[in-house]
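Architecture at a glance
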Amino acid sequence: MTQLQARGLVKSYGPTPALRGITLDIDEGEIVAVTGPSGCGKSTLLHCLAGILRPDAGEVSWRGHRLDTWSEAARSRLRRTDFGVLFQFGQLVPELTAAENVALPLLLAGTGRRAARTAALTWLERLSVAECADVRPGEMSGGQQQRCATARALVTEPRVLFADEPTGALDTLAGEQVLTQLVRLAREHRTSVVLVTHEPRIAAYADREVVLRDGVIDHTGLGLDAPLAGGSR
Amino acid sequence: MSLATLTRLALAGNRTDAARVALTALSALLATLAGLAALTVLAIEKPPGDAWQQSEQYVNALLREPGLRGGTAFALVMLTIPVLALAGQSARLGAPSRDRRLAALRLAGATPGQVTRVAMLETGLASLAGTVLGLACYLGGREVLHRPDDNGQLALPTDVLPPVPAMAAVVLGLPVLAAAATAVLLRAVATTPLGVVRRAGRTGSPQPWPALLIGLGVLAAAVVEPIQWALRGAALEWLALVAMVGIFGAVMGVIFGAGWIAHLAGRTLHRLARRPAALLAARRLTDDPWASSRTFAALLAALIIAGGAAAFRASFQLRAELEQEQNRLAGFGDDAFHDSFYLNTMDLVDLAVAAAVAIAAAGLLVTLVEGIVSRRRTYAALVATGVPRATIGTSIAWQVLAPVVPAVLIALGVGYAIGRLLTGDLSPGARRPDVPLEQLAVQGAGAIVAVLVVVGLGVLFLRSTTAVEELRAT
Ligand SMILES: Nc1ncnc2c1ncn2[C@@H]1O[C@H](COP(=O)(O)OP(=O)(O)OP(=O)(O)O)[C@@H](O)[C@H]1O
Ligand SMILES: [Mg+2]
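Residue positions within a chain follow its written sequence, with the count starting from 1. The naming scheme follows written order: chains are lettered A onward, ligands numbered 1 onward. Totals for whole chains, interfaces and linings use every residue, but because this is a predicted model, local features are given only for residues with pLDDT of at least 70 and side-chain atom pairs only at 80 or more, for both listing and counting. Computation of side-chain values: all heavy atoms of the structure, hydrogens and water removed.

**Comments concerning a nonpolar patch on the surface**
Residues and elements named next belong to chain B. Patch building starts from residues that exceed 30% relative accessible area and form no salt bridge, then joins like charges within 9 Å and nonpolar side chains (Val, Leu, Ile, Met, Phe, Trp, Tyr) within 5 Å. Using a 1.4 Å probe, the Shrake-Rupley method yields the accessible areas, and only the shown protein chains count as cover for residues. By definition, a salt bridge exists where a carboxyl oxygen of Asp or Glu is found within 4 Å of a side-chain nitrogen of Lys or Arg. Where nonpolar side chains cluster on the molecular surface, the patch consists of Val449, Val453, Leu457, Leu460 and Phe461 and spans about 460 Å² of accessible area. A helix here means a DSSP run of H or I that spans at least four residues, while a strand means a run of E at least two residues long, and both kinds are numbered starting from the N terminus. Of note, valine 449 is situated in helix H15 (residues 437–465). Exposure remark for valine 449: the relative accessible area of 47% places this residue in the partly exposed category. Only protein chains enter the accessibility calculation, which uses a 1.4 Å probe; a residue is then buried when its area is under 20% of its type maximum, exposed when over 50%, and partly exposed in between.

Shown next as structure tokens:
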């Protein structure tokens, strides 16, 4: 079933066009990789889909409701309930411990402190960083930080996870470990994932690869043969 | 590096750099005005005649009485303290990005000395612009304000000019001092080619030793009166020194105490916090409690003086009332000579305190905005993940108010206690002035309202600093 729908998305920054008409459907539990050369509009597309940016033209629908017409407050609420967002780095609050960082979205939703901490510990465990629970981000490795960030993005059990180059700052091995865990958990919880990356190899984790070029969809392919398809163009 | 290259590097920068330069210049301007005003008061010539001869050309007793001019000049110089605090806080504005720029210079092959010189030059030039502008304002203001009234008397000493070397010392000396201070501050950070490393290690959590300083300060104030009584009022300079050292100790105690209060407030808040805003504030408070000491230093110092001034005013008021009563008993009636000089002086002191609070609030705003701007990536990421801006704004308000409210109360209390002890009793067993609760409440509330306004203004910056674009910044 289609959960998230984008129709003819257009977005420019001043005179620079970033998206020039993008139409995309994301099904429940589907993992979609968005790839393409630097500057082709991947992050902009992700921000529009997640309701962080409003497109200049076109529509984004979430379960049949026009997301792009909602108020900032309503979109903000959606992002902390049904959506999870993950960036390359720097999204953990430096003064909070890992457990507190992960518990933050639950506290915002009104969960009690003890229950929030228990849930946070569970998710840190699932991402194999339980030992970091009472450590601050500054004292963790990059990989551990991204696992905590992933735990925070997933702790509310979102329906869609938006990830913008979540392993871009990690070395290949650490990046791969984080990604396999992310994909496994998403599959377990039937969470859809929009995964932005510029590494074709990472796209192999996805069900579908969407390749952007200059703000339009160049082609789509199945995750596994996408590297070849991407390379032949 | 040639001077031209140095200057170009010093002036190359972004908007925060421009703001820092402007604020540095503004602080230098204010400091110049205060310094020149003090010099002008000192330049008034002692009129011929005996020691009690007054300078008849002025309206205000502070200028007329030669014996009071030293104190007036001292008070004016004291006004530069919050100004200098403002300058120090401006220097930190955009420091991370400037430090990064300096690191880039190092990477490009500049030596540490050259990097320091670039920063010194920036501060020096900005301050020089400020002092020159200050001099222009002073000279212009003299002309504009030189308006003798019907008696030919002047409101301000616009008829005298300080000696030129003294003026030059202010206009040229301040920038040199500022540049030197920059060099010293930069020694605390090592600009390596890889970035900026803070040299100082993490300090431990604050201990309540500042309470000891406060206690000693109050004790010093308490012993001055009895000793003076015991020595039959013999003028003892060292006694005044004891009082000054005591007051200084108490001020430092309150300022450092703010760090301890922030730590305590953070821990209490952390224990009680139910909402994310309080949790975020609590963690930031315990993470860097000394930030509160740095941020509120000028405000707290001003409030200690305010508290002391309230005690003095209460004492002067009581004295005036008693005199009036005596005059009535002696049959002079109410219209007898009424010496309100001291009360007028207290009005001036209150005005100076208000000015100091305003300047301190400006410094607070600078620090607050700097804190928000330097954390914009985290804030933008939080907003992107659905944390409402209101939550972030509330956490900033918590973080400022949780330590400042108790610190303000303590500062006023300590100031009043010292003032009350120093004014002593008019005679043994005499009537005591009532505690001027109303005035103290107005001062405390005024300071807290000023802080609230600053928080409100600072939070306005949240909208622009949490825009998605900030996520692109590294
Ligand atoms: N805030 C902005 N202001 C101006 N131009 C922008 C802004 N954000 C993006 N752009 C431009 O829009 C285009 C798309 O940017 P976007 O960040 O979406 O690309 P991307 O595919 O994510 O690139 P990368 O792989 O480097 O992250 C680029 O040409 C970029 O320069
Ligand atoms: Mg991008």
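There's plenty left to go through after this.
**Quick word on the sheet that holds strand E2 (residues 16–27) of chain A**
Residue and element names in this part refer to chain A. Here, any two strands with at least 2 DSSP bridges between them count as paired. Strands sit in the order E2-E1-E4-E5 across an open sheet of four strands; the sheet is antiparallel. Taken across any chain shown, the strands that pair with only one partner, and hence form the sheet edges, are E2 and strand E5 (65–66). With two bridges joining them, strand E4 (residues 57–62) and E5 adopt antiparallel strand pairing. Paired with tryptophan 62 across the two strands is histidine 65, which belongs to E5. Contact criterion: two residues are considered in contact whenever any of their non-hydrogen atoms come within 4.5 Å of each other. Whenever a helix is involved, its axis is fitted only over the stretch in contact; in every case the axis is a line through C-alpha atoms, and angles between N-to-C directions fall within 0 to 180 degrees. Packed onto the sheet, helix H1 (residues 42–49) meets strand E1 (2–13), E2 and E4 and runs at close to 55° relative to E2.

**Quick look at the pattern of salt bridges**
All names here are of chain A. For the structure on display, the rule yields 17 salt bridges over all chains. Among the ionic pairs, glutamate 28 bridges to arginine 159, the shortest N-O distance being 4.0 Å. Here arginine 159 lies in the loop between helix H5 (142–154) and strand E7 (160–164) and glutamate 28 lies in the loop between E2 and strand E3 (31–35), a separation of 131 residues in the sequence. Ionic contacts of the salt-bridge type, sharing partners, join the residues Glu59, Arg66 and Asp68 into one network.

**Some thoughts on the domain arrangement of chain B**
Residue and element names in this part refer to chain B. Each domain's extent is set by a domain assignment, obtained either automatically or from a database. Per the domain assignment, the segments making up chain B are domain 1 (1–201) and domain 2 (204–474). Taken together, the contacts link 18 residues of domain 1 with 18 residues of domain 2. Inspection of the domain 1/domain 2 interface yields zero salt bridges. Side-chain atoms alone can form a polar contact between residues adjacent in sequence; in general such a contact is a pair of N or O atoms within 3.5 Å, and within protein one must be able to donate a hydrogen while the other accepts it. Taken together, the links from domain 1 to domain 2 amount to zero residue pairs in polar contact (both at pLDDT 80 or more).

**A look at the sheet that holds strand E10 (residues 216–222) of chain A**
Residue and element names in this part refer to chain A. Ordered in space as E6-E7-E8-E3-E9-E10, the six strands form an open sheet in which the pairing is mixed. The sheet is open, and its two borders are formed by strand E6 (83–86) and E10, each paired with just one other strand. Here the strands of the sheet are splayed against their neighbours by 15° on average, with no regard to which way each runs. Bridging between E3 and strand E8 (residues 192–196) involves four bridges; their strand directions are parallel. Opposite valine 34, over in E8, you have valine 196 as the bridge partner.

**Concerning the nonpolar core**
In plain words, nonpolar cores are sets of buried Ala, Val, Leu, Ile, Met, Phe, Trp, Tyr and Cys residues tied together by side-chain atoms within 4.5 Å. Ranked by internal contacts, the top residues of the largest apolar core, which has 99 residues, are A:Leu124, B:Leu299, B:Leu303 and B:Ile392. By residue number, the principal contributor to this core is helix H14 (residues 389–423) of chain B, which donates twelve residues. Setting aside residues no more than four positions away along its own chain, B:Leu299 makes contact with B:Val357, B:Ala360, B:Val404, B:Ala447 and B:Val451. Within the second largest apolar cluster, 35 residues are counted, among which are A:Ala6, A:Leu19, A:Leu45 and A:Leu78.

**A closer look at empty space enclosed by the protein**
In this analysis a 1.4 Å probe is tested at points of a 1 Å grid over the protein atoms alone, and where it fits but cannot get out there is a cavity; an open set with protein on both sides within 12 Å along at least five of seven lines is a pocket; lining residues have an atom within 4 Å of a point. Grid points are joined across faces, edges and corners, and a volume is the space filled by probe spheres set on the points. Evaluated as defined, the whole model comprises three cavities of 30 Å³ or more. Here the largest cavity defines a volume of roughly 140 Å³. Lining the largest cavity are 14 residues; nearest its centre among them are A:Arg79, A:Pro105, A:Arg152, A:Ala153 and B:Thr385. Elements with a minimum of two residues in the lining of the largest cavity: helix H2 (72–81), E6, helix H3 (98–108) and H5 of chain A. Residues that form the lining of the largest cavity fall into these classes: eight nonpolar, three polar and three charged. Residue type decides the class: Asp, Glu, Lys and Arg count as charged, Ala, Val, Leu, Ile, Met, Phe, Trp, Tyr, Cys and Pro as nonpolar, and the leftover types, Gly among them, as polar.

**A word on the interface of chain B and chain A**
Contact with chain B, which involves 29 residues of that partner, is made by 26 residues of chain A. Accessible area that two parts lose when put together, evaluated with a 1.4 Å probe and summed over both, is termed the buried area. Buried area between chain B and chain A, both sides added, is near 2500 Å², and the carbon and sulfur share of it is 59%. Taken as a group, B:Arg283, B:Thr385 and B:Val468 account for 20% of the area that chain B buries against chain A, more than any other trio of residues on that side. Where chain B meets chain A, there are four salt bridges. We note a salt bridge from B:Arg284 to A:Glu95, for which the minimum N-O separation is 3.8 Å.

**Some thoughts on the environment of B:Ala282**
Residues and elements named next belong to chain B. Checked against the element boundaries, alanine 282 lands in helix H10 (residues 276–287). Residue classification places alanine 282 among the buried residues on the basis of a relative accessible area of 0%. Considered as a pair, alanine 282 and glycine 444 are 162 residues apart in the sequence and their alpha carbons are 24 Å apart. Filtering out sequence-adjacent residues up to four positions away, alanine 282 remains in contact with Gly266, Leu269 and His270.

**Some points on the pairing of E10(A)**
All names here are of chain A. As judged from the six bridges shared by strand E9 (residues 208–213) and E10, these two strands associate in the antiparallel manner. Pairing of valine 210 across the sheet is with threonine 220, part of E10. Counting the residues that bridge the hairpin from E9 to E10 gives two residues, and of these aspartate 214 lies at a positive phi of roughly 50°.

**Observations regarding helix H13 (residues 376–384) of chain B**
Residues and elements named next belong to chain B. Within H13, eight of the nine residues are buried, which leaves the element mostly enclosed by the surrounding structure. When we look at burial in H13, the residues that qualify are Arg377, Thr378, Tyr379, Ala380, Ala381, Leu382, Val383 and Ala384. Two residues or fewer past H13, glycine 386 is found with a positive phi of approximately 100°.

**A look at the environment of B:Gly173**
All names here are of chain B. Topologically, glycine 173 is positioned in helix H7 (residues 164–187). For glycine 173, a relative accessible area of 26% gives the class partly exposed. Through-space distance from the C-alpha of glycine 173 to that of leucine 128 is 9.1 Å; in sequence the pair is 45 residues apart.

**Topic: the confidence of the model for chain B**
Residue and element names in this part refer to chain B. Think of pLDDT as the predictor's per-residue confidence, scored from 0 to 100. This prediction gives chain B a mean pLDDT of 80; 83% of its residues lie at or above 70. Across residues 195–202 the pLDDT falls below 50, and counting only partners more than four positions away or on other chains, this stretch makes 20 contacts in the model. In the predicted assembly, ipTM is 0.85 and pTM is 0.79.

**Overview of the packing of aromatic side chains**
Two aromatic rings, taken as a pair, are described by how far apart their centres are and by the angle between their planes. Two rings from Phe, Tyr or Trp (for Trp, the six-membered ring) form a pair when their centres sit within 6.5 Å of each other. Planes less than 30 degrees apart are called stacked, planes more than 60 degrees apart edge-to-face, and all others tilted. Evaluated as defined, the whole model comprises five aromatic pairs over all chains. Taking 4.9 Å as the distance between ring centres and 65° as the angle between the ring planes, the aromatic pair formed by A:Phe83 and A:Phe162 counts as edge-to-face. A residue pair is termed long-range when its members are at least 10 positions apart, and A:Phe83 in strand E6 and A:Phe162 in strand E7 qualify at 79 residues. Take A:Phe83 and A:Phe162: they sit in the same class, and that class is buried. Measuring from ring centre to ring centre gives 6.3 Å for B:Phe256 and B:Trp290, while their planes differ by 80°; the resulting arrangement is edge-to-face. Placement of B:Phe256 in helix H9 (residues 237–272) and of B:Trp290 in helix H11 (residues 290–329) is noted, with a sequence separation of 34 residues between them. Residue B:Phe256 is classed as partly exposed on the basis of its relative accessible area of 31%. B:Trp290 gets classed as buried once you look at its relative accessible area, which sits at 19%.

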